[in-house]
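# Residue-level structure breakdown
The residues making up each chain are set out below.
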Amino acid sequence: MEPPVVRPRRLRSTAAVRRLVAETSLEARQLVLPVFVREGLSDGEGPRPISSMPGVVQHTRSSLLAAATEAAELGLGGIMLFGIPEHKDAVGSGAVDPDGILNRAIRDVVGEVGETLPVMADLCLDEFTDHGHCGVLTSDGRVDNDATLEIYAEMARAQAAAGVDLVGPSGMMDGQVAVVRAALDEASHQDVAVLAYSAKYASAFYGPFREAVDSSLQGDRRTYQQDPANAREGLREVLLDIEQGADIVMVKPALPYLDVLRQVRDAVDVPVAAYNISGEYAMVEAAAANGWIDREAAILETLLSIRRAGADVVLTYWAAEAARLLAR
């Protein structure tokens, strides 16, 4: 038997050699931490655990600042804020209230770490509406696209006035990026960037997130979020958002849509983000809790797979922990 001449294993022989030839990197600066802040939750009560997402909490305003400070110290790429109001209504009025929980949280975090950490905010109505949809409804219960856009514009102006660095329109309304960009520019907030949730799918993996934001969703979101069967449609949505002024585009969820992520990365020349969502997080945590997988190795492998598929930025609930693991 002739010994092999070509031996790919040579480049796997030691950790140092593997590091030398690694094709993909995973760094703290590429990770964004999504966080939830709950209105009316007192510091005495402390953060409220989310049962379906072990290790993730609904923050008080004070504990949010501690999380933001840690994120900045770890060198994360940013923090994405979600607000949970005490009271909801049909039009999500808390989303545009300058003193609503999300806009207060933006001011708090910007005041604490705004010089060192990009502050981002979800721009959507689902946390604020009593029906749980991402827009206002018509009399027969359909989501009214254009009426919703008017509220998104107001929401963008409110978040920008609070000091946000990037807004994240996530409702999948037609024309949302153009409307948000125009609203920001007309209010002299030209420097606020738009991180567009461009290819957002109607996924079964959002369940734990709905607990995290106390969602009151009635029905489903299949008339505005994308059909999981469609990849070309995802790319079309991304290209439309770039045409309308998106600075960064996102694919959400990440793991079930790595093929879409790869297609997007190959097609565009703006930064591409992916959201490692609640259900993806919960699956790994549940498997690890049962002793079925090596938790820390699975976390890093999961995030590396999203980077390898083409994401420049990864939103993940593991952002702070992953940064600590990478620093070892």
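In what follows, the accompanying structure is described. (Residues numbered from 1 in each chain as written. Predicted model: local features only at pLDDT ≥ 70, side-chain atom pairs only at ≥ 80, totals over all residues. Heavy atoms only, no water.)

## Describing the overall build of the chain
Broken down by element type, the chain carries 11 helices and 10 strands. Relative to the 2.2 N^0.38 estimate, which gives 20 Å for 328 residues, the radius of gyration of the chain is 20 Å and therefore close to what a compact globule would have. C-alpha extents for the chain along the principal axes are approximately 80 × 45 × 40 Å. Sorting the 328 residues of the chain into buried and exposed places 52% on the buried side. Partitioning the intrachain contacts of the chain with sequence separation of at least 6 by distance along the chain shows that 75% fall at a separation of at least 24. Total accessible area on the chain is roughly 14,700 Å²; 50% of this is exposed by carbon and sulfur atoms. Of the charged side chains in the chain, 30 are positive and 48 negative; the average position of the first set lies 9 Å away from that of the second. (Helix = DSSP H or I, 4+ residues; strand = E, 2+ residues; numbered from the N terminus. Rg over C-alpha atoms; globule rule 2.2 N^0.38 Å. Buried < 20%, exposed > 50% of the residue type's maximum accessible area, 1.4 Å probe, protein only. Contact = heavy atoms within 4.5 Å. Areas by Shrake-Rupley, 256 points an atom, 1.4 Å probe, with all protein chains shown as cover. Lys, Arg positive; Asp, Glu negative; His and termini not counted. Charge placed at Lys NZ, Arg CZ, Asp CG, Glu CD.)

## Details of the nonpolar core
For soluble globular proteins, the rule of thumb is that nonpolar side chains tend to be buried together. Counting 100 residues, the largest nonpolar core has Phe36, Leu76, Leu81, Tyr152 and Leu315 as its most contacted members. Among the elements that make up this core, the one with the highest residue count is helix 4 (residues 145-162) (7 residues). When sequence neighbours within four positions are dropped, the list of residues in contact with Phe36 reads Ile50, Val56, Val57, Gln58, His59, Phe82, Ile84, Phe209, Ala212, Val213 and Tyr317. (Core = buried A, V, L, I, M, F, W, Y, C linked by side-chain atoms within 4.5 Å.)

## Describing a nonpolar patch on the surface
Together, Leu11, Leu20 and Val21 line one region of the surface with nonpolar side chains, adding up to about 300 Å² of accessible area. Here Leu20 is to be found in helix 1 (residues 15-21). Classification of Leu20 by relative accessible area gives exposed; the value is 68%. (Patch = residues over 30% accessible without salt bridge, like charges linked within 9 Å, V, L, I, M, F, W, Y side chains within 5 Å. Salt bridge = Lys/Arg side-chain N within 4 Å of Asp/Glu carboxyl O.)

## Here we look at the packing of aromatic side chains
Applying the stated criterion across every chain, the model contains 9 aromatic pairs. Between Tyr281 and Trp318 the ring centres are 4.9 Å apart and the planes differ by 35 degrees, which places this aromatic pair in the tilted class. Highlighted residues: Tyr281 in helix 9 (residues 278-289) and Trp318 in the loop between strand 10 (313-316) and helix 11 (319-327), separated in sequence by 37 residues. The class for Tyr281 is buried, based on a relative accessible area of 3%. You can call Trp318 buried: its relative accessible area is 1%. Three or more aromatic residues joined by ring pairs form one cluster here, namely Phe36, Phe82, Tyr197, Phe209, Tyr275, Tyr281, Tyr317 and Trp318. (Phe/Tyr/Trp six-rings, centres within 6.5 Å; stacked < 30°, edge-to-face > 60°.)

## As for the packing of helix 3 (residues 101-113) against helix 4
Running from amino to carboxyl end, helix 3 crosses helix 4 at an angle of 25 degrees, the nearest separation of the two axes being 8 Å. Comparing their axes, helix 4 and helix 3 come out roughly parallel. Handedness of the helix 3/helix 4 crossing: right-handed. Each of Leu102, Asn103, Ile106, Arg107 and Val110 in helix 3 lies in contact with helix 4, whose residues at this interface are Met155, Ala158, Gln159 and Ala162. For the contact of helix 3 with helix 4, the residue count by class is 6 nonpolar, 2 polar and 1 charged. (Axes fitted to C-alpha atoms, helices over the stretch in contact; angles between N-to-C directions. Parallel < 35°, antiparallel > 145°, perpendicular 65-115°, else oblique. Left-handed = near helix turned anticlockwise from the far one by under 90°. Nonpolar A, V, L, I, M, F, W, Y, C, P; charged D, E, K, R; others polar.)

## Let's talk about the pattern of salt bridges
Evaluated as defined, the whole model comprises 16 salt bridges. In this structure, the salt-bridge partner of Arg107 is Asp99, at a minimum N-O distance of 3.4 Å. Residues Arg262 and Asp266 are paired through a salt bridge, measuring 3.0 Å at the closest nitrogen-oxygen approach. Taken as a pair, Arg262 and Asp266 lie in helix 8 (residues 258-267) at a separation of 4 residues, close to a single helical turn. Arg262 sits in the partly exposed class, given a relative accessible area of 32%. Connected via shared salt-bridge partners are Arg181, Asp185 and Asp247.

## Quick look at helix 7 (residues 232-243)
Under the 1.5 Å per step criterion, the end-to-end length of helix 7 is 17 Å for 12 residues, consistent within 8% with the ideal 16 Å. Three or more residues of helix 7 are buried, namely Gly234, Glu237, Val238 and Asp241. Projected down its long axis, helix 7 shows its buried positions confined to an angular sector of 100 degrees, all on one face. Exposed side chains of helix 7 directed beyond 90 degrees from the buried face belong to Arg232, Arg236 and Glu243. (Expected span 1.5 Å × (residues − 1). Arc of directions from axis to C-beta.)

## Notes on a positive patch on the surface
Taken together, the side chains of Arg7, Arg9, Arg10 and Arg12 present a region of like positive charge at the surface. With respect to the helices and strands, the residue Arg10 is situated in the segment before helix 1. Note on Arg10: relative accessible area 48%, which makes it partly exposed.

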